[in-house]
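Close look at the chain arrangement
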Amino acid sequence: MIEVLRCTVNNKPVEVGIDPRESLADVLRERLGLTSVKKGCEVGECGACTVDGTAIDSCIYLGVWAQGKSILTVEGLQDADGGLSPIQRAFVEEAAVQCGFCTPGIIMSAVEIVGSGRQYTRDELR
């Protein structure tokens with residue numbers, strides 16, 4: 001059974017047929033070609049699949065739950081000319097990439113932290 005997912009991804013309207021059992025990570029990677037979303041542990045522990053400004057583990061979030069919502073991935077952080085966002089630039093300038101596999105998820109978590117306007121304690125950040 002195929003369902004039609006209508007949502008906004010990276011500020012663009014999307015309409016795509018999906019299996020209702022499909023994770024949002026699979027929808028983003030396989031159906032929409034957004035490869036910044038990485039599938040690591042597939043149980044919501046590693047964070048490599050983190051998307052959105054509210055840090056969703058897309059590997060354990062069903063695609064159908066995104067119906068009518070707005071989803072943000074690393075690809076959506078770039079400006080109209082393809083330039084990096086301030087957070088992406090900071091990661092490059094500080095060489096904060098390691099192997100790069102989990103970097104997109106860490107960047108999306110940083111987007112939430114910076115965007116919240118909250119002052120976090122060291123323990124909360126850990």
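See above for the structure.
Bear in mind that the values here come from a model prediction, so they are computed numbers and not experimental data.

1. Observations concerning the state of the cysteines
Two cysteines, two sulfur atoms, one covalent bond between them: this is a disulfide. On inspection of all chains with the given rule, the structure shows zero disulfides. No disulfide involves C7; its nearest neighbouring cysteine sulfur is the one of C49, lying 16 Å away. Take C102: it sits in no disulfide, and the sulfur closest to it among the cysteines is that of C99, at 6.0 Å.

2. Here's the deal with the packing of helix α2 (residues 86-93) against helix α3 (residues 103-116)
Running from N to C, α2 and α3 cross one another at 125°; their axes reach a closest spacing of 10 Å. Between α2 and α3, the angle is such that the two are oblique. Along this stretch, α2 crosses α3, giving a crossing that reads as right-handed. Contacts between α2 and α3 involve I87, Q88 and F91 from the former and T103, I106, I107, A110, V111 and V114 from the latter. Its residues assigned to classes, the contact of α2 with α3 comprises seven nonpolar, two polar and no charged.

3. Some words on a nonpolar patch on the surface
Taken together, the side chains of I113, V114 and L125 present a nonpolar region at the surface, about 260 Å² in accessible area. By the element assignment, L125 lies in helix α4 (residues 122-125). Taking the relative accessible area as the measure of exposure, L125 reaches 49% and is therefore partly exposed.

4. Considering the nonpolar core
Core analysis: the largest hydrophobic core is formed by 19 residues, its most contacted members being L5, V9, L24, L28, V51 and I71. Only β1 (3-9), β2 (12-18) and α1 (24-31) provide two or more residues apiece to this core. If you tally residues by element for this core, the top one is α1, at four residues. Contacts of L28, omitting those with residues within four sequence positions, involve V9, G33, L34, V37, V51, I71 and T73. Residues V74, I87, F91 and M108 belong to the second largest nonpolar core, which totals eight residues.

5. Considering the sheet that holds β2
Taken in spatial order, the three strands line up as β2-β1-β5 in an open sheet, and their pairing is mixed. Both outer strands of the open sheet, β2 and β5 (70-71), are each paired with one neighbouring strand and no more. Here two bridges tie β1 to β5, and the two strands are oriented parallel to one another. When the sheet's bridge partners are listed, V9 is paired in β5 with I71. Along the sheet face, α1 touches β1, β2 and β5 and points at about 105° away from the line of β2.

Calculation notes
- Residues numbered from 1 in each chain as written.
- Predicted model: local features only at pLDDT ≥ 70, side-chain atom pairs only at ≥ 80, totals over all residues.
- Heavy atoms only, no water.
- Disulfide = S-S within 2.5 Å.
- Axes fitted to C-alpha atoms, helices over the stretch in contact; angles between N-to-C directions.
- Helix = DSSP H or I, 4+ residues; strand = E, 2+ residues; numbered from the N terminus.
- Parallel < 35°, antiparallel > 145°, perpendicular 65-115°, else oblique.
- Left-handed = near helix turned anticlockwise from the far one by under 90°.
- Contact = heavy atoms within 4.5 Å.
- Nonpolar A, V, L, I, M, F, W, Y, C, P; charged D, E, K, R; others polar.
- Patch = residues over 30% accessible without salt bridge, like charges linked within 9 Å, V, L, I, M, F, W, Y side chains within 5 Å.
- Areas by Shrake-Rupley, 256 points an atom, 1.4 Å probe, with all protein chains shown as cover.
- Salt bridge = Lys/Arg side-chain N within 4 Å of Asp/Glu carboxyl O.
- Buried < 20%, exposed > 50% of the residue type's maximum accessible area, 1.4 Å probe, protein only.
- Core = buried A, V, L, I, M, F, W, Y, C linked by side-chain atoms within 4.5 Å.
- Pairing = 2+ DSSP bridges.

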